[in-house]
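# Architecture at a glance
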Amino acid sequence: MLSERRLEVLRAIVQDYVGTEEPVGSKALTERHNLKVSPATVRNDMAALEDEGYIAQPHTSAGRIPTDKGYRLFVDKLAGVKPLSSPERRAIQNFLDGAVDLDDVVGRTVRLLAQLTRQVAVVQYPSLTRSTVRHVELLGLAPARLMLVLITDTGRVEQRLIDCPAPIGETVLADLRARLNSRVVGQRFTEVPSLVQDLPEAFDADDRATISTVLATLLETLVEETEERLMIGGTANLTRFGHDFPLTIRPVLEALEEQVVLLKLLGEAKDSGMTVRIGHENQHEGLSSTSVVSVGYGSGDEAVAKLGVVGPTRMDYPGTMGAVRAVARYVGQILAES
């Protein structure tokens, strides 16, 4: 375990390196921070931190920079994240309040996160498996053609055209719509199949094939892989950090193009707490020089998806974590009110 004083020295090194982009020397630390000890003591503390792998000496520079291990300890020992200012909070609310539908909410969230943190923002669409049904609409387009519209509690809308095996009358359609909604509204998607399996038996034999076709389309809509959708923005921000990537920025950009990699990075939505993965903690090789800050968001107490940012390990962690958490909270409020 590090002593409190050495932890204070490590904190000062991280803050200075993130702020100045320059390796940090003991003289600068003593001048900039009220460490209440002599430069010689600071030098000894830095030597100990280096021996333990928390800081390292890049090339022949006199200064030191934090390692992944150093950033990890810095994040683990954070007293709190940096709160957003009132103008920032108002700006977030005003910007997100203007959204007209779920795609717009996700698009605005990505732009906002990228602007606030000046990193790459990644937002996962709300997962259908954790969603509940708000309403099912059935619209007759032609005697044997229907449109099914599924609306979720997170504001997601899925539409499907259905060609029925026989014409369906308006009375039967209204009856099906009413029975369907009475069974599935407010229910988890995963529970819907068992709730509707005996529904065709409530109708005349002539209509059962059509009812079964409608239900089959509904169930297909519920299980389709549309849920793992992401939106990414602010990739150009990485170009500002060119020197933070040891060889080239290319492996990072290639990794960010792979949706599977990004979904793994964000982690499971059910783990809704703040997650910070630093450097080599990211299992994808192309992202070993980056840090990922992510958190769950949702319309109630439960997370339905994740959002976060990807940037260099030399990151303003308290500020980034504060921004990510605040944006997640506002998006959750919008979904709850939509």
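What you see is a predicted model, and the numbers here were worked out from it, not measured in a lab. (Residues numbered from 1 in each chain as written. Predicted model: local features only at pLDDT ≥ 70, side-chain atom pairs only at ≥ 80, totals over all residues. Heavy atoms only, no water.)

### Some remarks on the overall build of the chain
Along its length, the chain carries twelve helices and ten strands. Scaling as 2.2 N^0.38, a compact globule of 338 residues should have a C-alpha radius of gyration of about 20 Å, whereas the chain reaches 26 Å, well beyond that. Structurally, the chain occupies a C-alpha span of about 90 × 40 × 35 Å along its principal axes. Across the 338 residues that make up the chain, the buried fraction comes to 49%. In the chain, the proportion of contacts linking residues at least 24 apart, taken out of those at least 6 apart, comes to 61%. Looking at the chain as shown, the accessible area adds up to about 16,300 Å², and 50% of this sits on carbon and sulfur atoms. Side chains of the chain carry 37 positive and 46 negative charges; the gap between the two charge centres is 8 Å. (Helix = DSSP H or I, 4+ residues; strand = E, 2+ residues; numbered from the N terminus. Rg over C-alpha atoms; globule rule 2.2 N^0.38 Å. Buried < 20%, exposed > 50% of the residue type's maximum accessible area, 1.4 Å probe, protein only. Contact = heavy atoms within 4.5 Å. Areas by Shrake-Rupley, 256 points an atom, 1.4 Å probe, with all protein chains shown as cover. Lys, Arg positive; Asp, Glu negative; His and termini not counted. Charge placed at Lys NZ, Arg CZ, Asp CG, Glu CD.)

### Concerning helix H4 (residues 68–76)
What H4 keeps buried is the set Gly70, Tyr71, Leu73, Phe74 and Val75. Summarising the contacts, the buried residues of H4 are in contact with helix H1 (4–20), strand S2 (65–66), strand S8 (275–278) and helix H12 (317–337).

### Quick look at the sheet that holds S8
An order of S7-S3-S10-S9-S8 is seen for the five strands of this open sheet, with the pairing classed as antiparallel. The open sheet terminates on both sides in strands that have one partner only, identified here as strand S7 (230–233) and S8. Sheet twist, expressed as the mean angle between neighbouring strand axes with direction ignored, is 15°. For S8 and strand S9 (residues 290–297), the ladder comprises four bridges, and the chain directions are antiparallel. By the bridge assignment for S9, arginine 277 is matched with valine 292. (Pairing = 2+ DSSP bridges. Axes fitted to C-alpha atoms, helices over the stretch in contact; angles between N-to-C directions.)

### A few points about the pairing of strand S10 (residues 305–312)
Of all eight residues in S10, eight are buried; the element is thus mostly enclosed. In terms of strand pairing, strand S3 (residues 120–124) meets S10 through four bridges, oriented antiparallel. Bridge pairing links valine 122 to glycine 308 in S10. Of the strand pairs in this sheet, S9 and S10 are connected by eight bridges, and their pairing is antiparallel. Looking at the pairing, valine 295 lines up with leucine 307 of S10.

### Quick notes on the domain arrangement of the chain
When its domains are assigned, the chain resolves into domain 1 (4–78), domain 2 (86–126 + 228–337) and domain 3 (129–225). Contacts between domain 2 and domain 3 engage eleven residues on the former and eight residues on the latter. With both chains or domains summed, domain 2 and domain 3 bury close to 890 Å², and 41% of this area falls on carbon and sulfur atoms. Together, Leu102, Pro126 and Val304 form the three largest contributors to the area buried by domain 2 at its contact with domain 3, with a combined 38%. Where domain 2 meets domain 3, there are zero salt bridges. Taken together, the links from domain 2 to domain 3 amount to zero residue pairs in polar contact (both at pLDDT 80 or more). Residues of the side of domain 2 that touches domain 3, tallied by class, amount to seven nonpolar, one polar and three charged. (Domains from an automatic or database assignment. Buried area = accessible area lost by both parts, 1.4 Å probe. Salt bridge = Lys/Arg side-chain N within 4 Å of Asp/Glu carboxyl O. Polar contact = N/O pair within 3.5 Å; in protein donor to acceptor, adjacent residues only side chain to side chain. Nonpolar A, V, L, I, M, F, W, Y, C, P; charged D, E, K, R; others polar.)

### Remarks on unusual backbone geometry
The bulk of non-glycine residues show a negative phi, and the bulk of peptide bonds are trans. You will see that glutamate 21, though not glycine, has its phi angle at about 65°, which is positive. With respect to the helices, strands and loops of the structure, glutamate 21 is situated in the loop between H1 and helix H2 (26–32). If you check the backbone angles, arginine 118 has positive phi at about 60° while not being a glycine. Note on placement: arginine 118 falls in the loop between helix H6 (102–117) and S3.

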